[in-house]
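Listed below, chain by chain, are the residues.
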Amino acid sequence: MSDPVGKLPSELDQLPDRDTEETAEWAASLDAVAKAAGTRRAEYLLRRTLQHAEAAGLALPKLLETDYVNTIPTSAEPEFPGDEEMEAKITAWNRWNAAAMVTRGSKYGVGGHIATFASAAWLYETGFQHFFRGKEADGSGDQLYIQGHASPGIYARAFLDGRISEQQLDNFRQESGGNGLPSYPHPRRLPWLWEFPTVSMGLGPLSAIYQARFNRYLQNRSIKDTANSHVWAFLGDGEMDEPESTAALALASREQLDNLTFVINCNLQRLDGPVRANFRVVQELEAQFRGAGWNVIKSLWGSAWDELFQLDTTGALVRRLREVPDAQFQTYATRDVAYIRQHFFGANAELVQLAGVLSDAKIAECFHSSRGGHEPRKVYAAYKAALEHKGAPTVILAQTVKGYTLGAGFESKNANHQMKKLTTDEFKDMRDLLGLPIPDSAFVDGQVPYGHPGANSPEVQYLNERRAALGGPAPARKVHHVALPAPAERSFAPLLKGSGKQEMATTMAFVRLVKDLMRDKETGKRWVPIVPDEARTFGMESLFPSAGIYSPLGQTYEPVDRDQLMYYKEAKDGQILNEGITEAGAMADFIAACTSYATHGEPMIPFYIFYSMFGWQRTADQMWQLADQLGKGFIVGATAGRTTLTGEGLQHADGHSHLIASTNPASLNYDPAFAYEIAVIVKDGLRRMYGEKPEDVFYYLTVYNEPKVQPAMPEGVEEGILRGLYRFNEASSLESAPAADAPKIQLMASGTAIHWALEAQQLLAADWNVAADVWSATSWGELRRDALECDEALLRGEVRTPYVTRALEGVTSPVLAVSDWMRQVPDQISQWVEQDWTSLGTDGFGLSDTREGARRHFGVDAQSIVVAALAQLARRGEVPASAIKEARERYGL
């Protein structure tokens with residue numbers, strides 16, 4: 001067979017053919033089939049041959065897309081172990097109550113989603129009845145990432161098993177009274193039920209992958225046996241548009257996370273319309289996941305389609321299914337049989353002939369409702385195959401009808417995501433379809449009733465028996481508090497005593513502290529260092545050989561720097577999670593580690609260190625997810641501030657993360673200036689998060705890359721460090737202190753800005769006879785939090801004075817605040833400062849320059865502070881106004 005003209009070379013052209021005659025025979029055979037039976041038959045044989053080769057383990061490129069049919073044919077489905085009739089009754093009750101709670105709540109205007117659970121009910125119920133392991137068995141049970149819009153169905157199931165009351169159902173989305181249910185999976189709002197928040201779409205799939213990976217991390221480090229824990233992530237096909245949804249697929253396959261299953265509900269609809277109107281989302285997802293190395297199981301068609309496929313002797317039906325776009329198929333689901341016969345089967349003569357032997361009822365059943373995701377036997381077969389597959393994660397693409405069983409007004413309608421209620425007549429039709437014993441008399445004043453077969457009914461007994469066999473209720477979140485002992489004082493001592501004459505950046509101080517804490521005999525193994533491929537930037541390479549970088553494969557190569565002291569060491573029991581260039585992935589790792597105390601009953605102490613700019617700005621949504629999931633740990637924004645890493649330029653110049661962080665109620669935000677402040681904050685953080693009375697908070701620290709001499713800790717400043725403010729240096733302590741009657745000002749600074757304030761203090765005294773005290777503001781956010789709590793107490797009749805007000809009590813001079821952040825950061829506390837207030841900051845975009853040049857540009861360097869201080873005093877008449885101009889000229893401003 002001759003090569004086609006202009007054929008591009010392939011990799012096969014580079015390989016010697018040891019038997020050209022045999023190769024020619026294979027090619028001739030293919031040509032003969034194409035000539036005798038047609039090209040479609042030839043294509044079929046090639047696809048089947050490739051599938052067979054893949055199953056046999058031959059090293060061939062995988063098919064990225066298979067036919068638009070079920071992966072597991074009906075003939076290969078395993079025996080279903082449950083009572084289908086009983087499970088159908090349970091599912092019917094849950095469908096009913098899920099729709100009822102949203103409809104009843106709609107009269108209060110709180111909304112809710114009905115259609116998602118209606119389509120996915122069997123995907124959940126089959127798992128609850130046969131697969132999802134609870135928390136009461138050995139180990140940690142399974143981790144369930146529930147699709148947020150399906151939450152009414154999960155509440156309905158908890159109502160059936162007695163964990164939620166009818167009153168709570170009626171308080172869906174009405175939580176302020178104290179007995180309500182949150183709209184979506186929110187662990188902070190319902191911590192005994194929900195483990196994982198999933199409604200910020202895309203974060204659920206990303207987090208599920210890293211949760212499965214962290215389970216293996218705990219296993220390989222011999223901290224917790226997680227061999228029997230499986231992660232199930234329930235997702236929507238529309239959700240897969242989010243970049244985060246598929247961002248870590250390669251990681252999951254690379255690390256062979258066969259403890260992970262994605263279940264994607266392919267109802268072909270987004271919130272506004274079709275997911276892939278002109279394409280086929282199932283085929284696209286299959287190619288994407290198979291290309292990433294996942295095991296793919298498609299459960300698309302219900303058993304009603306078996307007859308059609310058996311009649312399809314020419315492959316015409318399969319080809320037609322492969323070419324019809326999703327939006328058109330949605331249309332088929334809503335149109336009459338005549339339309340389907342004309343527009344689907346009328347595409348060619350082969351299909352017309354096939355349709356001729358099909359009844360209208362059969363066609364209606366197939367196209368209107370018969371989907372793989374609606375049949376427990378097919379869902380069971382897919383789940384069982386997923387658990388049995390080893391060496392790779394599995395994705396199940398289950399096709400459903402959005403709004404299934406809710407009636408013609410809901411099913412497959414573009415608007416059904418926004419539809420919040422059914423009419424009384426629609427409920428009665430649904431009741432009849434589901435076969436529920438709910439009389440018309442139960443509809444009082446037009447309100448739909450909840451349904452329950454009774455606590456001792458066969459349905460509830462069956463449900464409880466199945467859950468008992470699987471290890472208790474699910475979903476469920478259980479916390480077995482384990483207090484960690486406080487680390488030895490010697491770990492903190494080096495930072496408390498200062499660095500002597502040696503200069504050290506606060507980033508290095510933090511890393512040094514953690515390195516010492518990781519050696520602690522009691523808690524050292526529980527530290528989880530997490531870094532997105534910047535460990536050397538932060539001086540963490542010294543941890544490589546001692547702690548090791550986690551890899552499930554260990555180190556299968558000889559590192560290029562093996563002969564060096566701080567070589568790149570990977571290990572199966574490695575402690576460091578070096579995630580590569582993915583802040584989102586590192587945050588997902590951090591969340592899994594931060595919540596291990598609840599998920600696995602094993603408290604871990606993670607710290608996530610990153611380029612400051614790429615934390616709150618890039619991954620703030622995950623910070624909220626962390627707070628919602630009640631995570632505990634240390635987030636460290638290194639190389640912080642807008643003027644300390646200025647060579648990198650605008651996109652690395654962070655002057656606003658503290659402002660974003662202040663919006664998160666669970667985040668305790670600190671901007672320490674000195675190494676000893678870091679030691680005090682970390683020590684107290686360990687107590688608050690992991691002590692006898694643990695709090696559901698996490699810490700955000702910003703540290704700098706500017707080397708400075710680190711002073712020893714003065715006496716009596718611990719409270720001020722933790723509360724957010726203390727007087728670090730008084731003007732009277734200067735060698736050339738101003739006169740006693742000299743004008744005074746208070747310089748309040750955080751982070752690296754304290755060094756500019758200290759220099760300004762010297763200049764004010766020497767050049768202008770102005771006495772300036774310097775205060776270290778370790779946390780503008782904690783000062784504000786305390787002040788807000790005092791304001792709230794006042795509304796209850798309790799008079800409390802904010803800490804910042806008390807700290808400045810008796811001070812009559814004005815206050816000038818300065819930081820390496822935009823002015824809004826210190827201005828957070830201005831309303832509770834009784835003295836005259838002004839601030840300096842790094843507002844605007846960053847730029848590339850020297851530190852000195854950038855600080856002069858933003859007007860926050862020592863000389864600018866002096867001019868601002870003189871201006872503030874001049875307004876009060878305490879220095880002549882001419883001093884401002886004189887100072888500007890003297891300092892070249």
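Owing to the predicted nature of the structure, the values given are computational and were not obtained by experimental measurement. (Residues numbered from 1 in each chain as written. Predicted model: local features only at pLDDT ≥ 70, side-chain atom pairs only at ≥ 80, totals over all residues. Heavy atoms only, no water.)

Caption draft 1: Quick peek at the overall build of the protein chain. A tally of regular secondary structure across the protein chain gives 33 helices and 20 strands. C-alpha atoms of the protein chain, sized along the principal axes, occupy 105 × 85 × 55 Å. By the burial criterion, 58% of the 893 residues in the protein chain qualify as buried. Across the protein chain, every contact between residues at least 6 apart in sequence was considered, and the portion connecting residues at least 24 apart equals 77%. Total accessible area on the protein chain is roughly 36,600 Å²; 50% of this is exposed by carbon and sulfur atoms. Here the protein chain contributes 88 positively and 114 negatively charged side chains, and the mean placements of these two sets differ by 1 Å. (Helix = DSSP H or I, 4+ residues; strand = E, 2+ residues; numbered from the N terminus. Buried < 20%, exposed > 50% of the residue type's maximum accessible area, 1.4 Å probe, protein only. Contact = heavy atoms within 4.5 Å. Areas by Shrake-Rupley, 256 points an atom, 1.4 Å probe, with all protein chains shown as cover. Lys, Arg positive; Asp, Glu negative; His and termini not counted. Charge placed at Lys NZ, Arg CZ, Asp CG, Glu CD.)

Caption draft 2: Region of the structure containing the sheet that holds strand E1 (residues 143-145). Within the open sheet, the five strands sit side by side as E1-E2-E3-E5-E4. Their pairing is parallel. Of all strands in the sheet, those with a lone pairing partner are E1 and strand E4 (295-299), marking the two edges. Looking at each pair of strands side by side, their axes are set apart by 15 degrees on average, direction ignored. Two strands pair when backbone bridges link them, and E4 and strand E5 (residues 394-399) are joined in this way by five bridges, in the parallel orientation. Residue Lys298 lies in a different strand from E5, and its bridge partner there is Leu397. Along the sheet, helix H4 (residues 115-130) contacts E1, strand E2 (231-236), strand E3 (260-266) and E5; its crossing angle with E3, the most-contacted strand, is approximately 150 degrees. (Pairing = 2+ DSSP bridges. Axes fitted to C-alpha atoms, helices over the stretch in contact; angles between N-to-C directions.)

Caption draft 3: Molecular detail of a nonpolar patch on the surface. On the surface, a cluster of nonpolar side chains totalling about 260 Å² of accessible area is made up of Leu50, Leu58 and Leu60. Considering the arrangement of structural elements, one finds Leu60 in the loop between helix H2 (39-55) and helix H3 (84-106). For Leu60, a relative accessible area of 45% corresponds to the partly exposed category. (Patch = residues over 30% accessible without salt bridge, like charges linked within 9 Å, V, L, I, M, F, W, Y side chains within 5 Å. Salt bridge = Lys/Arg side-chain N within 4 Å of Asp/Glu carboxyl O.)

Caption draft 4: Quick peek at empty space enclosed by the protein. Enumeration according to the criterion identifies eight cavities of 30 Å³ or more in this entry. Empty space within the largest cavity amounts to approximately 90 Å³. What lines the largest cavity is a set of 15 residues, among which Asp142, Leu144, Glu195, Pro475 and Ala476 lie closest to the centre. A breakdown of the residues in the lining of the largest cavity according to their chemical character gives eleven nonpolar, no polar and four charged. (1 Å grid on protein atoms, 1.4 Å probe; cavity = no way out; pocket = protein on both sides within 12 Å on 5 of 7 lines; lining within 4 Å. Points joined across faces, edges and corners; volume = space filled by probe spheres on them. Nonpolar A, V, L, I, M, F, W, Y, C, P; charged D, E, K, R; others polar.)

Caption draft 5: How the structure looks around the nonpolar core. In this structure, Phe634, Val682, Leu747 and Leu764 are the most contacted members of the largest nonpolar core, which totals 81 residues. Leaving out residues up to four positions away in the same chain, Phe634 has contacts with Trp527, Phe590, Ile605, Pro606, Phe607, Tyr608, Val682, Gly685, Leu686, Met689, Tyr699 and Leu701. The next biggest cluster of nonpolar side chains, apart from the first, holds 65 residues, and it includes Leu123, Leu169, Ala382 and Phe427. (Core = buried A, V, L, I, M, F, W, Y, C linked by side-chain atoms within 4.5 Å.)

Caption draft 6: Expanded view of the pattern of salt bridges. Scanning the model with the defined rule gives 43 salt bridges in all. Among the salt bridges present, the one from Glu878 reaches Arg876, with a minimum N-O distance of 2.8 Å. Of the charged contacts, one joins Arg890 and Glu886 as a salt bridge, the two residues approaching to 3.5 Å between their closest N and O atoms. Of this pair, Arg890 and Glu886 both sit in helix H33 (residues 882-891), four residues apart, roughly one helical turn.

Caption draft 7: Local environment of the pairing of strand E13 (residues 667-670). Side-chain alternation along E13 places Ser667 and Asn669 on one buried face and Leu668 and Tyr670 on a second face that is also buried. Strand direction decides the pairing type here: E13 and strand E14 (residues 698-702), joined by four bridges, are parallel. Across the sheet, the residue bridging to Tyr670 is Leu701, located in E14. Once the chain exits E13 it traverses helix H26 (residues 675-690) before rejoining the sheet at E14, and the crossover so formed is right-handed. (Right-handed = clockwise from strand over helix to strand, strands pointing away.)

Caption draft 8: A look at a negative patch on the surface. The grouping of Asp17, Asp19, Glu21, Glu22 and Glu25 at the surface amounts to a negative patch. Here Asp19 lies in the segment before helix H1 (20-37). For Asp19, a relative accessible area of 33% puts it in the partly exposed group.

Caption draft 9: Looking closely at the environment of Phe309. You can see Phe309 is positioned in helix H10 (residues 306-311). For the pair Phe309 and Phe117, spaced 192 residues apart in sequence, the C-alpha to C-alpha distance is 29 Å. Dropping the residues within four chain positions of it, Phe309 is found in contact with Val69, Trp301, Leu317, Val318 and Leu321.

Caption draft 10: Structural detail: the packing of aromatic side chains. Tallied over the full model, the rule gives 48 aromatic pairs. Look at Trp96 and Phe443: their rings are 6.2 Å apart centre to centre, the planes differ by 80 degrees, and that puts the pair in the edge-to-face class. Pair noted here: Trp96 is in helix H3 and Phe443 is in the loop between helix H17 (424-434) and helix H18 (458-469), with a separation of 347 residues, a long-range link. With a relative accessible area of 11%, Phe443 lands in the buried category. Through a chain of ring-to-ring contacts, three or more aromatic side chains come together here, namely Tyr68, Trp301, Trp305, Phe309, Phe329, Tyr332, Tyr339, Phe344, Phe345 and Phe367. Directly above the ring of Phe443 sits Lys428, whose terminal nitrogen or CZ lies 5.4 Å from the centroid. Over the ring of Phe614 we find Arg618; its NZ or CZ atom is 4.7 Å from the centre of that ring. (Phe/Tyr/Trp six-rings, centres within 6.5 Å; stacked < 30°, edge-to-face > 60°. Lys NZ or Arg CZ within 6 Å of the ring centre and 35° of its normal.)

Caption draft 11: Examining the side chain of Asn729 more closely. Within the secondary structure layout, Asn729 lies in strand E16 (residues 726-729). In this structure the side chain of Asn729 is engaged in a polar contact, spanning 3.2 Å, whose partner is the side chain of Ser733. Once residues within four sequence positions are removed from consideration, Asn729 is found in contact with Leu734, Leu758, Gln761, Asp773 and Val774. (Polar contact = N/O pair within 3.5 Å; in protein donor to acceptor, adjacent residues only side chain to side chain.)

Caption draft 12: The pairing of E2, seen in detail. By the criterion of burial, E2 is predominantly enclosed, with six of the six residues buried. Direction of pairing for E2 relative to E3: parallel, over a ladder of six bridges. Of the residues in E3, the one forming a bridge with Ala233 is Phe262. The parallel pair E2 and E3 is bridged by helix H8 (residues 249-254), and the resulting crossover is right-handed.

Caption draft 13: Here's a closer look at H4. In a regular helix each residue adds 1.5 Å, so 16 residues correspond to 22 Å; H4 covers 24 Å between its end C-alpha atoms and thus fits that length. Maximal helix bending in H4 amounts to about 55 degrees, located at Ala121. (Expected span 1.5 Å × (residues − 1). Bend = angle between axes of the 7 residues up to and from the residue.)

Caption draft 14: Representation of the state of the cysteines within the structure. Tallying each qualifying case throughout the model produces zero disulfides. Left unpaired, Cys366 is separated from the closest cysteine sulfur, that of Cys266, by 19 Å. Accessibility expressed as a relative area gives 0% for Cys366, which makes it buried. (Disulfide = S-S within 2.5 Å.)

Caption draft 15: Examining the confidence of the model for the protein chain more closely. With 97% of its residues at a pLDDT of 70 or more, the protein chain has an overall mean of 93. In the model, residues 1-6 has pLDDT below 50 throughout and makes two contacts with residues more than four positions away in sequence or in other chains. (pLDDT = per-residue confidence, 0-100.)

Caption draft 16: Layout of the sheet that holds strand E10 (residues 577-578). With respect to topology, six strands assemble into an open sheet ordered E10-E7-E11-E12-E14-E13, the strand pairing being parallel. Looking along the sheet, the strands with just one partner apiece sit at the ends: E10 and E13. Pairing analysis gives five bridges linking strand E11 (residues 605-611) to strand E12 (residues 634-638), with the strands arranged parallel. Looking across to E12, one finds that Tyr611 is bridged to Ala638. Contacts from helix H20 (residues 506-517) reach strand E7 (527-531), E11 and E12 within the one sheet, and its direction differs from that of E11 by about 155 degrees.

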